[in-house]
Amino acid sequence: MSSDVHGTPRRATLLWATLIVATLLTWGMGALGATGKGAIAALAAISFWKGAVIILDFMALRHAPALWRMLTLGWMILVWVVIAIAYIKGMPQ
Amino acid sequence: MEQDTLPAIATPPDDTGPRLAGDLAIWFFILAELLAFGVFFAAYAFTRANNIELFDAEQAALNRNAGALNTVLLLTASYFVVRAVQAAEHSLSQPCARWLLAAIACGAGFLVVKMFEYAAAFEHNISLSSSPFHMFYLSLTFFHFMHVILGMVILVAMWNGARQGRYRPGEMNGIETGAAYWHMVDLVWLILFPLVYVIH
């Protein structure tokens, strides 16, 4: 028997709307040519937040055993840390 | 589509503890996929670190509008899949099928936009061997493109199942398993888009 782990339509709609706004923000930063550590940190934070919504709410891992949240959110943190290291490495000293 | 309130679940849940939505096997498959994409992202980032001017110049020539539009399409498809699962959870088979059809339409939209993008790239003689950036751009996005196609096949199977009334409380494994795969395809794009199209 499944428990009601998928939330309400209202919550899903609100989250979808915020995801779209966050996407427009990312697109706008690209259009403005935002660059440097601050821009990368902001873009990574937006991407991380969007991913967390997908993982916790859309994939319903908020209601799963903690191990699955650790593995998926941990993957996202690891990927962004590695990307950040590579980008900092490539910045002028 | 139907209003934002759903009737109460027909049968009260008999478990309140943590629950992984979908088949355990799909979650191991998803972890493997995430690892593969993660390695790809790291390879892109470190290759760029040694070719910054080239990567920045060629990234600037990408169609960022198409990338953003595709992000909106994938996120919206994921939202429609969530609504389909919620409908199934309340034994609403036909609304479930309609939400899945809407998700399939968004997925198809993604593929069409991407094909226009590829056609424009090929017109400019961009290929896997034209530069390190283009090698990553084409292979990463095409690797993802193939996952979207597989996701579409799964969504069509789910749509067919929903039309036959296969999903309801206690019979959620099929739709939850397919939904988890589709959300993974979306999740990966949420890193791919800023990384390849925006960050420099």
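About the criteria used
Residues numbered from 1 in each chain as written. Chains lettered and ligands numbered in written order. Predicted model: local features only at pLDDT ≥ 70, side-chain atom pairs only at ≥ 80, totals over all residues. Heavy atoms only, no water. Contact = heavy atoms within 4.5 Å. Buried area = accessible area lost by both parts, 1.4 Å probe. Salt bridge = Lys/Arg side-chain N within 4 Å of Asp/Glu carboxyl O. Helix = DSSP H or I, 4+ residues; strand = E, 2+ residues; numbered from the N terminus. Nonpolar A, V, L, I, M, F, W, Y, C, P; charged D, E, K, R; others polar. Buried < 20%, exposed > 50% of the residue type's maximum accessible area, 1.4 Å probe, protein only. Expected span 1.5 Å × (residues − 1).

Engineer: Can you walk me through the interface of chain A and chain B in this structure?
Structural biologist: It is common to give the size of an interface as the accessible area that goes away when the parts come together. Facing the 53 residues of chain A at the interface are 60 residues of chain B. Roughly 5000 Å² is buried in total at the junction of chain A and chain B, and carbon and sulfur atoms are behind 74% of that figure. Run the count over chain A and chain B and you get zero salt bridges. Among the elements of the structure, α1 (9–31), α2 (37–58) and α3 (66–89) of chain A are those that each provide at least two residues to the side of chain A that touches chain B. In terms of residues, the side of chain A that touches chain B owes the most to one element, α3 of chain A, which gives 13 residues. Its residues assigned to classes, the side of chain A that touches chain B comprises 32 nonpolar, 17 polar and four charged.

Engineer: How should I be thinking about the side chain of Lys114 of chain B in this particular structure?
Structural biologist: Tracing the chain through its elements places Lys114 of chain B in helix α4 (residues 93–123). When sequence neighbours within four positions are dropped, the list of residues in contact with Lys114 of chain B reads Asn70, Tyr137, Thr141, Phe145, Trp189 and Tyr197 of chain B.

Engineer: Just to check I follow, could you spell out the pattern of salt bridges for this structure?
Structural biologist: A side chain with one charge may pair with a side chain of the opposite charge, provided their charged atoms come close. Counted under the stated rule, the structure contains five salt bridges over all chains. Across the pair Arg11 of chain A and Asp57 of chain A runs a salt bridge whose closest N-O atoms are separated by 2.9 Å. Taken as a pair, Arg11 of chain A in helix α1 and Asp57 of chain A in helix α2 lie far apart in primary sequence, 46 residues in all. When its relative accessible area of 40% is taken as the criterion, Arg11 of chain A is described as partly exposed. Residue Asp57 of chain A is classed as buried on the basis of its relative accessible area, which comes to 14%. For the salt bridge of Arg48 of chain B with Asp56 of chain B, the shortest nitrogen-to-oxygen distance reads 3.2 Å. Linked through salt bridges whose partners overlap, the residues forming this network are Arg11, Asp57 and Arg62 of chain A.

Engineer: When you look at α3 of chain A in this model, what are you seeing that I'm missing?
Structural biologist: Side chains that are three or four residues apart share a direction in an α-helix, a result of its 3.6 residues per turn. In a regular helix each residue adds 1.5 Å, so 24 residues correspond to 34 Å; α3 of chain A covers 34 Å between its end C-alpha atoms and thus fits that length. Among all positions in α3 of chain A, only Trp68, Thr72, Leu73, Trp75, Met76, Val79, Trp80, Ile83, Ala86 and Tyr87 of chain A are buried. Looking at the buried positions of α3 of chain A, the neighbouring elements they touch are α2 of chain A together with α1 (24–49) and α6 (173–198) of chain B.

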